[in-house]
Number of protein chains: 4
Amino acid sequence: MELTPIKVAVVGASGYSGGELIRVLLGHGGAELACLTSRAEAGRSLAEVFPRFRGIGGADALRFVAPDVGVIAASGAEVVFLALPHGVAAEYAGPLLDAGLRVIDLSADYRLSDPSVYEEFYGAPHPDAGRLEGAVYGLPEVRPDAIAAADLVASPGCYPTSVILPLVPALRDGLVDPGTIHAVSLSGVSGAGRKAEIPLLFSECNESVRPYSIPKHRHLSEIEQELSIAAGEVVTISFTPVLTPVTAGIYTTVYAAAKGGAAAADLGRSLTSAYGEAPFVRLLGEGCAPDTKHVTRTNFIDIGWAHDPRTDRFVLMSAEDNLVKGASGQAVQSFNLMVGFPATAGLLGV
Amino acid sequence: MELTPIKVAVVGASGYSGGELIRVLLGHGGAELACLTSRAEAGRSLAEVFPRFRGIGGADALRFVAPDVGVIAASGAEVVFLALPHGVAAEYAGPLLDAGLRVIDLSADYRLSDPSVYEEFYGAPHPDAGRLEGAVYGLPEVRPDAIAAADLVASPGCYPTSVILPLVPALRDGLVDPGTIHAVSLSGVSGAGRKAEIPLLFSECNESVRPYSIPKHRHLSEIEQELSIAAGEVVTISFTPVLTPVTAGIYTTVYAAAKGGAAAADLGRSLTSAYGEAPFVRLLGEGCAPDTKHVTRTNFIDIGWAHDPRTDRFVLMSAEDNLVKGASGQAVQSFNLMVGFPATAGLLGV
Amino acid sequence: MELTPIKVAVVGASGYSGGELIRVLLGHGGAELACLTSRAEAGRSLAEVFPRFRGIGGADALRFVAPDVGVIAASGAEVVFLALPHGVAAEYAGPLLDAGLRVIDLSADYRLSDPSVYEEFYGAPHPDAGRLEGAVYGLPEVRPDAIAAADLVASPGCYPTSVILPLVPALRDGLVDPGTIHAVSLSGVSGAGRKAEIPLLFSECNESVRPYSIPKHRHLSEIEQELSIAAGEVVTISFTPVLTPVTAGIYTTVYAAAKGGAAAADLGRSLTSAYGEAPFVRLLGEGCAPDTKHVTRTNFIDIGWAHDPRTDRFVLMSAEDNLVKGASGQAVQSFNLMVGFPATAGLLGV
Amino acid sequence: MELTPIKVAVVGASGYSGGELIRVLLGHGGAELACLTSRAEAGRSLAEVFPRFRGIGGADALRFVAPDVGVIAASGAEVVFLALPHGVAAEYAGPLLDAGLRVIDLSADYRLSDPSVYEEFYGAPHPDAGRLEGAVYGLPEVRPDAIAAADLVASPGCYPTSVILPLVPALRDGLVDPGTIHAVSLSGVSGAGRKAEIPLLFSECNESVRPYSIPKHRHLSEIEQELSIAAGEVVTISFTPVLTPVTAGIYTTVYAAAKGGAAAADLGRSLTSAYGEAPFVRLLGEGCAPDTKHVTRTNFIDIGWAHDPRTDRFVLMSAEDNLVKGASGQAVQSFNLMVGFPATAGLLGV
């Protein structure tokens, strides 16, 4: 199917999420990169900043500009992706929306419907609380219609995607006890961003496995928000993020106690009912383990599961690329919904 | 302190655990490598099989011989380390004990006191059940006196060490609910052994994070045996091992619900009381995260912890080298106890 | 441009080159995978053998069959890719050609025009010497017309591509002394194939850099053949392949003495003249260093160069993906030429 | 042999070379760490800065102090190791020497006997040219007696060690043509230092192989100085350093044309004559390839070689740990010579 390209802008395009977003959009027949902004790289070409894109789709000619709402609007972009740090994204979202553009924000700024939870987890008052009500938490598998209609989509975090998607069907269908959820997520180093910091050096991360943000990582806030919606009650969980020496990928183990005698087959039916038609959720089957290497650079999340009769607990396992399904790919998935493209447009590269 | 060297033998010395055992013993002033056996490498020198050891401590002259109880006994070895697959170790342990030698077995053969549990987890009747009663599960921090007196020490598995040591004090002191334990362990690839198998190839493991043996890994059997002893009741837990692209190292997250209002400080006191004098347990402190890169090639296990008031659960985090504290170093730690050497003899290299 | 798909077959499709070939072909609008063969995987689906492809382009339905010339021909395939070991490819090429199919062979079997050179380097008489004259060494940048017209294309090896492409223009234009060429190539581990061998294990390759096949690697035969053609005289070079711990990628340093006062600008002009219009050769410029991470999973080869006035030598540096430009992508590049597609069809993914 | 410990100081001890130096010295029975300085880490304990050393040899009590010549002298240190950037080391060397201490400088400041060469390669006038004449380039295998007698030893760079040691015997014995030397060195990322820079991030270095400093890396200056001394004539070579994704290790290929019909056996004899008694040079033999993984964390350099009759060139291959034999271990090797300890004291750990 031939798509009529829609002009898009990427704001804050020089980090790892921005780079991956550009990679996906360069191969997306329905998107035209009308504007790329980066304060640090203004004036340089896309090919200079990301040598990988040299010789591809106009990357040699496309130049970064300094971020400016007027310039972005003047570019003709209809949809703007914000790949900015939290707190900074909110400076652009409002003016862009006011200028009549639609916004897909990859930061945490509009993910939490309750500004007090934002303040609790991010340590500062919400910078733009008035717009939270209109923002849609952008999990395409959970609320496609709301995303399609939204002007402001808050694209989920990488860890949240890997924890929420496996659990939502079981919580909705009452198969697990919401008070018993424990999660451990292993992330590649790109998830920490492209920052010049000693702990992210190759020689610090190679041959190293280490947890961090114990016991209250910021992503807990959006995970619990979404799990609570699915469960219909307040859900609080345990969560440990662990840095592992891969560039990309998140693997997550989730434990939850079975409720009311639910068996593995029940969980399988629940997952299939929720995701059987979802093009980017691959249900591997009972007892099947995912592997991050099969999802890197794709928009897939692979999910396996098992029931342990010894403890009467379920274990759910998911694998995704933190930069794609956990960030840029998922944002483009929302973009497809917003502009009426097929769900998989531009997202089936492996 | 000058030690009078004791002759030792290593049976099955050509794998990763065997190699690491030899590395530790070559630098141990109180051990003399009297006999090295390997069916596959018989006739080759230590330097040929492990080029790392060339030029060190007689490695060029020392030759592997085929495994034979008579030859081992004739070598003058007083203590024999068995670095063999489970099931095979039992073929040697009995005859060596009968010949008057003391045995430290790194396999699973003598770790479980109940042969029916062995059969449940290993899928075959125990090959030498009669000797189980006399075997000592060799956690030096837990039962040093029994190890010192033993003729047959069953040295613990790598995952078990990383799960048991953090939990034993809390279980003994009643700080956690034994029915709420969940563990996720991340292991380096050397833990799978030096086997020519496709899933262990560099190109399969690099940029890959993947769980396996879900939900019932064999090591659960010894973990639960030891946790049950500590708790004074039968303990059943959830456990997920995950393969990560490092050569060596295990990082483990353990969750357990606090009992009776126990706080982080209580857990800290419990750990300090148990391990304050243990030379190889490094208590990092509340809120401090371990990192496998600080323990690789050492016999240390680093432990951090936290209490999450949101869930009233503890999280315990441990890091060790799967081949050292999780295998060969711990075996030498038992050796030191058995022969009356200082606990740290030969084990303080970093 | 909408392409009318041509049916293709991949023989020996379960290795790393085969997998990468399938990945490229799945995304190629002008190729339809009519037949996949693998002796080891016959009966299994593409998604089972390569979980990465699950949910993509019919990968769940497509099944491997045992290799059989009749079955391949009956599939309607017009072009057959042979991703087989050397010596084995020749068993299939002849019968397939006789059946009227065109063949792109990724093995070494038809790369050398002189069967005695094959015997010298591969240690056995050539299995099908009669067809060597009709085979075309498939470097699309060097002889596109011959490839377009060929029925049997011998697709180049990974190392040769990385050494030959940088040198051909300089040799043709007489800028370097053909008797002074020294090359060192660093390859990712996937280049050794998907073989269950101890030296290819993660724990053997990680944190390891090591040369092999010193001083006479088999690929020297085709490198020297092509350099001799370019130079118009017999060229003999030094070449050291080195295994490095990346999954994919080859980086090559080539040294050659400048001739007749040639300067860096002369070399730049020579390269630009040869490759200025070549869509997959990216000339980085004088003094610019390539990086394998910018070419992995692409069909690009990046080339930088410099002249060292201290020695009056040129240094040429190239980076490519050993499995793409060094194998499967280059084979598809020849396929595009053979069937009259645009040169870049299916090959611009990054 | 029981050694009487000598007090030493390490100045600039918080980087990778400094850390490795401390690791070696902690296990060295003849050295007592009397003073550790670091501007950035002053006031913190050794165990805080390097968690690996926690629980070892007083690392918990030992504290970094700000660098100050008076404080260092007052510590009782007899020998001072300078692990500082070039240019900075010279600020300390003179005053320390004037205060009667002996200095082993790991920087480049005193490696070049000709200050104009320093200026050519380091881009600034030499900061302390007057002391160059008294400094000894510290290759223990080349000039042990001069090192033993020196007050100021300039410990060689990592690349130079890997290039010079294989070549010196052949140049001395006239087996190779000094005008034909080409070298390519592959280094681990720790060689670039512990600097917070984007190009050194894990996600930039992982799955990346890339050359740099083409064609005139600073280390060429000391390589050529030493090769010229060995050859008895001015030697100019080609050299390409390549960054590879390992933490530690350098592998080097050196090519040189054979002279006067020299054969592999002649080169073997030359190497054996030079290094047969050298405890840290392991001659692997003709046709034997070194592997960096066998030398990491050791002070060994492994050397293999071959003669290629097709080109009448020699290829020499060396592997070392860039931080040990290429920096800190070699510095301790000089220390042993300077204070009269056995050559291998404290350096045989594997």
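Trainee: Mind laying out the overall build of chain A, listing which residues take part and the relevant values?
Mentor: Helix and strand counts for chain A stand at eleven helices and 14 strands. Taking 20 Å as the expected radius of gyration for a compact globule of 350 residues, we find that chain A reaches 20 Å, a close match to that expectation. Referenced to the eigenvectors of the C-alpha coordinate spread, the extents of chain A come out at roughly 60 × 45 × 45 Å. For chain A, with 350 residues in total, the buried portion stands at 65%. When contacts within chain A are restricted to residue pairs at least 6 apart in sequence, long-range pairs at least 24 apart make up 69% of them. Working note: accessible area of chain A is about 10,800 Å², and carbon and sulfur atoms make up 51% of it. Across chain A, 25 positive and 38 negative side-chain charges occur, with their mean positions spaced 5 Å apart.

Trainee: I'd like a rundown of the interface of chain B and chain D, residues and numbers included.
Mentor: At the junction of the two partners, chain B supplies 22 residues and chain D supplies 22 residues. The largest share of the area that chain B buries against chain D comes from B:Arg52, B:Arg54 and B:Val350, three residues that together contribute 39% of it. Inspection of the region where chain B meets chain D yields zero salt bridges. Where chain B meets chain D, there are 14 residue pairs in polar contact (both at pLDDT 80 or more). Take the side of chain B that touches chain D: its biggest share by element is three residues, from strand β12 (residues 281–286) of chain B. Here the side of chain B that touches chain D is composed, by residue class, of nine nonpolar, five polar and eight charged.

Trainee: Give a description of the interface of chain B and chain A that names residues and reports values.
Mentor: In this assembly, 47 residues from chain B lie in contact with 47 residues from chain A. Interface area, chain B with chain A, both sides summed: about 3,900 Å², of which 57% is carbon and sulfur. Linking chain B to chain A there are six salt bridges. Between B:Arg210 and A:Asp291 there is a salt bridge whose closest N-O contact spans 3.8 Å. Taken together, the elements giving at least two residues each to the side of chain B that touches chain A come down to β8 (182–187), α8 (202–205), β9 (210–211), α9 (220–231), β10 (238–243), β11 (250–257), β13 (301–308) and β14 (313–320) of chain B. Among the residues forming the side of chain B that touches chain A, the class breakdown is 23 nonpolar, 14 polar and ten charged.

Trainee: Tell me about the sheet that holds strand β4 (residues 79–82) of chain D, and name the residues and values.
Mentor: Residue and element names in this part refer to chain D. Strand order across the open sheet formed by seven strands is β3-β2-β1-β4-β5-β7-β6, with parallel pairing between neighbours. The sheet is open, and its two borders are formed by β3 (64–65) and β6 (136–137), each paired with just one other strand. Direction of pairing for β4 relative to strand β5 (residues 102–105): parallel, over a ladder of four bridges. From the neighbouring strand, valine 80 faces β5, where its bridge partner is valine 103. Where helix α4 (residues 89–98) meets the sheet, its contacts fall on β4, β5 and β7 (152–154), and the angle it forms with β4 comes to roughly 175 degrees.

Trainee: Just give me the short version of the relation of the copies chain B and chain D, but keep the residues and values in it.
Mentor: With an RMSD of 0.0 Å, chain B superimposes on chain D once it is rotated by 180 degrees and translated 0.0 Å along the axis. Considering both components of the superposition, the chain copies are consistent with a two-fold axis. By C-alpha distance to the rotation axis, the residue of chain B lying nearest is B:Gly349, at 4.0 Å. Looking at chain B, 100% of its interface residues are interface residues in chain D too, so the copies touch through the same face.

Trainee: Could you give an account of the relation of the copies chain B and chain A, naming the residues involved and the relevant values?
Mentor: Rotating chain B by 180 degrees and translating it 0.0 Å along the rotation axis places it on chain A, where the RMSD comes to 0.0 Å. The overlap is high: 100% of the interface residues of chain B also sit at the interface in chain A, so the same surface is used on both sides.

Trainee: Tell me what's going on with the packing of helix α7 (residues 158–172) of chain A against helix α9 (residues 220–231) of chain A, and back it up with residues and numbers.
Mentor: Residue and element names in this part refer to chain A. Orientation of α7 relative to α9, taken along the N-to-C sense of each, is 15 degrees, at an axis distance of 9 Å. As judged from the angle between their axes, α7 and α9 are roughly parallel. For α7 against α9, the interelement crossing comes out right-handed. Residue-level inspection shows Pro160, Val163, Ile164, Leu167, Val168, Leu171 and Arg172 of α7 in contact with α9, the latter providing Glu222, Ile223, Glu226, Leu227, Ala230 and Ala231.

Trainee: Account for the sheet that holds strand β5 (residues 102–105) of chain C, naming residues and giving values.
Mentor: Each strand in a sheet pairs with its neighbour through backbone hydrogen bonds, running either in the same direction (parallel) or in the opposite one (antiparallel). All names here are of chain C. Taken together, the seven strands give an open sheet; going across it, the order is β3-β2-β1-β4-β5-β7-β6, and neighbouring strands pair in parallel fashion. At either end of the open sheet lies a strand with only one pairing partner, and these are β3 (64–65) and β6 (136–137). Most of the contacts of helix α11 (residues 324–339) go to β5, to which it runs at about 160 degrees, and overall it touches β1 (6–11), β2 (31–37), β4 (79–82), β5 and β7 (152–154).

Trainee: Kindly report on the confidence of the model for chain A, identifying the contributing residues and their values.
Mentor: Confidence in the prediction of chain A, expressed as mean pLDDT, is 97, and 100% of residues score 70 or more. Scored as a complex, the prediction yields pTM 0.97 and ipTM 0.97.

Trainee: How would you summarise helix α1 (residues 16–26) of chain A if you had to cite specific residues and measurements?
Mentor: Within α1(A), nine of the eleven residues are buried, leaving the element largely enclosed by the surrounding structure. In the core, the buried residues of α1(A) are packed alongside β1 (6–11), β2 (31–37), α2 (46–49), β4 (79–82) and α11 (324–339) of chain A together with α8 (202–205) of chain D.

Trainee: Describe the pattern of salt bridges, naming the residues involved and giving the relevant values.
Mentor: If you walk through the whole model with that rule in mind, you get 72 salt bridges over all chains. One salt bridge connects C:Arg23 with C:Glu20, and the closest N-O pair in it is separated by 2.8 Å. Separated by three residues within a single helix, C:Arg23 and C:Glu20 lie in helix α1 (residues 16–26), roughly one turn from each other. Relative accessible area serves as the criterion here: at 17%, C:Arg23 is assigned to the buried category. The residue C:Glu204 makes a salt bridge to D:Lys293 at a minimum N-O spacing of 3.8 Å. Of the two residues, C:Glu204 sits in helix α8 (residues 202–205) while D:Lys293 sits in the loop between β12 (281–286) and β13 (301–308), which places them in two different chains. On the basis of relative accessibility, which here comes to 8%, the residue C:Glu204 falls in the buried class. Assessed through its relative accessible area of 15%, D:Lys293 is described here as buried. Each of A:Arg194, C:Asp291, C:Lys293, D:Glu204 and D:Arg210 takes part in one network of salt bridges that share partners.

Trainee: Help me get a handle on the side chain of B:Asp302, residues and values and all.
Mentor: Residue and element names in this part refer to chain B. The residue aspartate 302 is located in strand β13 in this model. The exposure class of aspartate 302 is buried, given its relative accessible area of 2%. Within polar-contact distance, the side chain of aspartate 302 engages the side chain of arginine 282 at 2.7 Å. The contact partners of aspartate 302, leaving out residues within four places of it in the chain, are Arg282, Leu284, Pro290, His294, Val295, Met317, Ser318 and Ala319.

Trainee: Can you break down the domain arrangement of chain A residue by residue, with the values?
Mentor: Residues and elements named next belong to chain A. Taken domain by domain, chain A holds domain 1 (6–134) and domain 2 (158–322). On a C-alpha basis, the centroid separation for the pair domain 1 and domain 2 is 27 Å. Taken together, the contacts link 15 residues of domain 1 with twelve residues of domain 2. In total, about 1,200 Å² of surface goes out of reach between domain 1 and domain 2, with carbon and sulfur atoms giving 50% of it. The largest per-residue losses of area from domain 1 upon contact with domain 2 belong to Tyr16, Arg111 and Phe121, which jointly make up 50% of the total buried on that side. On inspection of domain 1 and its partner domain 2, the count reaches two salt bridges.

Trainee: Talk me through the environment of D:Pro115; I want residue IDs and the actual numbers.
Mentor: All names here are of chain D. Inspection of the secondary structure puts proline 115 in helix α5 (residues 115–122). In this structure proline 115 comes out as partly exposed when scored by relative accessible area, which is 33%. Between the alpha carbons of proline 115 and histidine 126 there is a distance of 5.7 Å; along the sequence they are eleven residues apart. Residues in contact with proline 115, not counting those within four places in the same chain, are His126, Ala129 and Leu132.

Trainee: Requested: an account of the packing of aromatic side chains, with residues and values cited.
Mentor: When we look at a pair of aromatic rings, we describe it by the centre distance and by the angle of the planes. Inspection of the entire model under this criterion finds 26 aromatic pairs over all chains. Between A:Phe50 and A:Phe53, the aromatic rings sit 5.5 Å apart at their centres with planes inclined by 50 degrees, giving tilted as the arrangement. By relative accessible area, A:Phe50 is classed as buried at 12%. By relative accessible area, which is 3% here, A:Phe53 ends up buried. Residues D:Phe81 and D:Phe335 carry aromatic rings whose centres are separated by 5.8 Å and whose planes lie at 50 degrees to one another, so their mutual orientation is tilted. Remark: D:Phe335 occurs in helix α11 (residues 324–339) and D:Phe81 occurs in strand β4; sequence separation between them is 254 residues. For the pair D:Phe81 and D:Phe335, a shared accessibility class is recorded, and that class is buried. Cluster of aromatic residues (ring-pair linked, three or more members): A:Phe81, A:Phe335 and A:Phe341. The aromatic ring of B:Phe121 is capped on one face by B:Lys216, whose charged end is 4.8 Å from the ring centroid.

Conventions and cut-offs
Residues numbered from 1 in each chain as written. Chains lettered and ligands numbered in written order. Predicted model: local features only at pLDDT ≥ 70, side-chain atom pairs only at ≥ 80, totals over all residues. Heavy atoms only, no water. Helix = DSSP H or I, 4+ residues; strand = E, 2+ residues; numbered from the N terminus. Rg over C-alpha atoms; globule rule 2.2 N^0.38 Å. Buried < 20%, exposed > 50% of the residue type's maximum accessible area, 1.4 Å probe, protein only. Contact = heavy atoms within 4.5 Å. Areas by Shrake-Rupley, 256 points an atom, 1.4 Å probe, with all protein chains shown as cover. Lys, Arg positive; Asp, Glu negative; His and termini not counted. Charge placed at Lys NZ, Arg CZ, Asp CG, Glu CD. Buried area = accessible area lost by both parts, 1.4 Å probe. Salt bridge = Lys/Arg side-chain N within 4 Å of Asp/Glu carboxyl O. Polar contact = N/O pair within 3.5 Å; in protein donor to acceptor, adjacent residues only side chain to side chain. Nonpolar A, V, L, I, M, F, W, Y, C, P; charged D, E, K, R; others polar. Pairing = 2+ DSSP bridges. Axes fitted to C-alpha atoms, helices over the stretch in contact; angles between N-to-C directions. Least-squares fit on C-alpha atoms with pLDDT ≥ 70 in both. Parallel < 35°, antiparallel > 145°, perpendicular 65-115°, else oblique. Left-handed = near helix turned anticlockwise from the far one by under 90°. pLDDT = per-residue confidence, 0-100. Domains from an automatic or database assignment. Phe/Tyr/Trp six-rings, centres within 6.5 Å; stacked < 30°, edge-to-face > 60°. Lys NZ or Arg CZ within 6 Å of the ring centre and 35° of its normal.

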